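Structural characterization, general
One-letter residues, chain by chain:
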There are 2 protein chains.
Amino acid sequence: MKRAHKPSGIDRRALVSGLALLPFATPVQAQPTPSDPLASWNDGAARRAILDFVRATTDRASPQFVPEEDRIATFDQDGTLWVEHPMYTQVVYCLDRVPAVVAQKPDLKKIEPFKTVLSGSREAIAKLSLHDLERILVATLTGMTVDTFAAEAAHWLATAKHPRWDRLYTELAYRPMLEVLNCLRDNGYRTYIVTGGGQDFVRVYSRRVYGIPPEQVVGTAGGTKFAYDKDDKPYLIKEPKLLLNDDKAGKPEGIHLMIGRRPHAAFGNSTGDREMLEYTGSGEGARLMMLVLHDDAQREYAYGPARGLPDTKVGAFTPELDAEAKKKGWTVISMKNDWKRIFSFD
Amino acid sequence: MKRAHKPSGIDRRALVSGLALLPFATPVQAQPTPSDPLASWNDGAARRAILDFVRATTDRASPQFVPEEDRIATFDQDGTLWVEHPMYTQVVYCLDRVPAVVAQKPDLKKIEPFKTVLSGSREAIAKLSLHDLERILVATLTGMTVDTFAAEAAHWLATAKHPRWDRLYTELAYRPMLEVLNCLRDNGYRTYIVTGGGQDFVRVYSRRVYGIPPEQVVGTAGGTKFAYDKDDKPYLIKEPKLLLNDDKAGKPEGIHLMIGRRPHAAFGNSTGDREMLEYTGSGEGARLMMLVLHDDAQREYAYGPARGLPDTKVGAFTPELDAEAKKKGWTVISMKNDWKRIFSFD
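The rules behind these values
- Residues numbered from 1 in each chain as written.
- Chains lettered and ligands numbered in written order.
- Predicted model: local features only at pLDDT ≥ 70, side-chain atom pairs only at ≥ 80, totals over all residues.
- Heavy atoms only, no water.
- Helix = DSSP H or I, 4+ residues; strand = E, 2+ residues; numbered from the N terminus.
- Expected span 1.5 Å × (residues − 1).
- Buried < 20%, exposed > 50% of the residue type's maximum accessible area, 1.4 Å probe, protein only.
- Contact = heavy atoms within 4.5 Å.
- Buried area = accessible area lost by both parts, 1.4 Å probe.
- Salt bridge = Lys/Arg side-chain N within 4 Å of Asp/Glu carboxyl O.
- Polar contact = N/O pair within 3.5 Å; in protein donor to acceptor, adjacent residues only side chain to side chain.
- Pairing = 2+ DSSP bridges.
- Axes fitted to C-alpha atoms, helices over the stretch in contact; angles between N-to-C directions.
- Least-squares fit on C-alpha atoms with pLDDT ≥ 70 in both.

The next thing to look at is helix α2 (residues 45–58) of chain B. Residue and element names in this part refer to chain B. Taking 1.5 Å of rise per residue, 14 residues should cover 20 Å, and α2 covers 20 Å from first to last C-alpha, within 8% of that figure. Those residues of α2 lying buried are A46, R47, A49, I50, F53, V54, A56 and T57. Its buried side turned inward, α2 meets α8 (175–186), β7 (265–268), β8 (288–293), β9 (331–334) and α14 (335–338).

This is the structure we're talking about:
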């Protein structure tokens, strides 16, 4: 793994300036909507499925009309709204945070998996077990107040860059999907992110990048603990206690917990999204289920393992998922064929 | 406990008709807002605190202006938005559901605490332990699909009546608080319920009664389990697994989980709301913290035990809470003095 960004210990001032940067960074989604709401989409089945769904559910004369208060659309994030390769952005964040954590607790320096992360060896880091990764997540995502975490994440997001494009991670949102988000919102839909990633992490940038406020981000969530500081001021500290594992079956469960009803549209790209699409599709009336297929090695990445695409560790569009999509009428979006452009900076 | 409503076994058709009734029941909050947004409030410190807060946070020229996207207000429900005496409405619901549960599982008929509930003895029911009550909650609130639960609760709400007023429970929302909800929403605030009551229960009627959509109800929440029926259709079943105990310290923790940021206004009426008000008050800029004091035995109920009011089992406005309110500048709402009317039907 090539790292474009090497953080050192972060002081309070840097954190505050990191946060301060955020609202003024170029908003990815703020370009005025052109007369064609899906301008970055080639004409085809995917584009037509979106427009047909919007028409069917928002035209009062349609038998499939959905009242505005029930218009809910859910979107997976990694691989659906932004790049997930070569590694989930949040995992990169956690690895990048290790030096700061070790600076606070020097004993960790000689202990695995921290020793391996500090070595910077791409090969060794890639071989870390799931258990090792969990230890890194706990060390870098819990034990601090929710405000400190948000400031640390904001600071990192304002500076860390993706090695391939040398761009901020927040610039790597897919332009065509931002158009879908805007198009649905313009038609009365409330758009939600439903991600296996950390809820608190995604909430730091969701409004700026996707136009989605924090309360509309459903993600893997840990508990917090309410406590008082020495001046009797209350705070919330992030606990290493999993409340919601928002992946696979956890996605519909998280949707019920956080939204309380079945979406009318759901977008994903991997087996982690299967249950969310099944749940969405099992409702009555018009429903839109879509899967992004990463078949564009030139402009982004190509991985499956469906349709002869390579099998990778991150993201899994399997032949079984492909078959289920075909059987149930879910629409597969080919990045290569359906998208005129990938990013807003293209 | 006098029960105004005696449910028997509920069949599917009754459930569906119960649900169907809901959208057409008289909406409590739908009267047009008069020129005075707080028409049911007497002039006084409480009314002025609300109006001053709204002005300070929504006037662009104000140094305490809050951008619309950050305008969050949270409301406890029982005793703050509607009547909680002589028993929390949801507890009445659970007791009323016992006969239907026993009809499904006849073995329970001879087992405590179900035997006592079926006896109908007010005295015996009042003496049930917290452990007994938990067994009743588990038996009546879990083990069914989320859709079945919503239909059962909707059916009950469409028929069960409060013994004192002989009115549907959903008619017992406080008119002055409905005006506060509307006033805040009219000024760009997103209003949330943050209740120790069951999230799934309150969501059944929150939109109709309070104008609050399901996703803006944060409550005590159990887990659900995603599964498939024999036709491979997915469903969610309510599990006896507590995810969030949304009371006391659980309220700010629930707010972080579900909303992701600190409210600017918070309303409660008991020690269960203390931490929510402390958390809200610890933010910068203008903050509004209010507590409803039940000091009106004639029009509603009188209980404390603050200010010499009687100590009751349900709801606790203690002298300590009263002292903290005074010290921190929280505003106490006297039902007797601050409210011209209590209910919309008055």
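Further remarks concern the interface of chain B and chain A. Chain B puts 37 residues into the contact, and the matching count from chain A is 37 residues. Of the roughly 3300 Å² buried at the junction of chain B and chain A (both faces included), carbon and sulfur atoms supply 52%. Taking the shortest distance from any N to any O, the salt bridge between R207 of chain A and E69 of chain B comes out at 3.6 Å. Taken together, chain B and chain A are joined by 18 residue pairs in polar contact (both at pLDDT 80 or more).

Residues and elements named next belong to chain B. With respect to the secondary-structure elements, T142 resides in the loop between α6 (130–141) and α7 (146–157). Assessed through its relative accessible area of 17%, T142 is described here as buried. Polar side-chain contacts of T142 include one of 2.6 Å to the backbone oxygen of V138. Those residues in contact with T142 that lie beyond four places of it in its chain are L137, K238, E239 and P240.

Here we come to the sheet that holds β9 of chain B. Residues and elements named next belong to chain B. Strand order in the open sheet formed by seven strands is β6-β5-β4-β1-β7-β8-β9, and the pairing between neighbours is mixed. Two strands lie at the open edges of the sheet, namely β6 (234–244) and β9, each paired on one side alone. With direction set aside, neighbouring strand axes in the sheet form an average angle of 35°. Lying over the sheet, α8 contacts β1 (72–75), β4 (190–198), β7 and β8, oriented at roughly 165° with respect to β1. Helix-sheet contacts for helix α12 (residues 274–281) involve β1, β4, β7 and β8, and the interaxial angle to β7 is about 165°.

Here we take up the relation of the copies chain B and chain A. Superposing chain B onto chain A requires a rotation of 180° together with a translation of 0.0 Å along the rotation axis, leaving an RMSD of 0.0 Å. Both chain copies can therefore be described as sitting about a two-fold axis. Of the interface residues in chain B, 100% have counterparts in chain A that sit at the interface too, so the contact is made through matching surfaces.

Residue and element names in this part refer to chain A. On the secondary structure map, S334 appears in strand β10 (residues 331–334). Residue classification places S334 among the buried residues on the basis of a relative accessible area of 10%. Here D295 takes part through its side chain, which lies 2.6 Å from a polar atom of the side chain of S334. In this structure, S334 is in contact with L293, D295 and W339, ignoring residues within four places of it in sequence.

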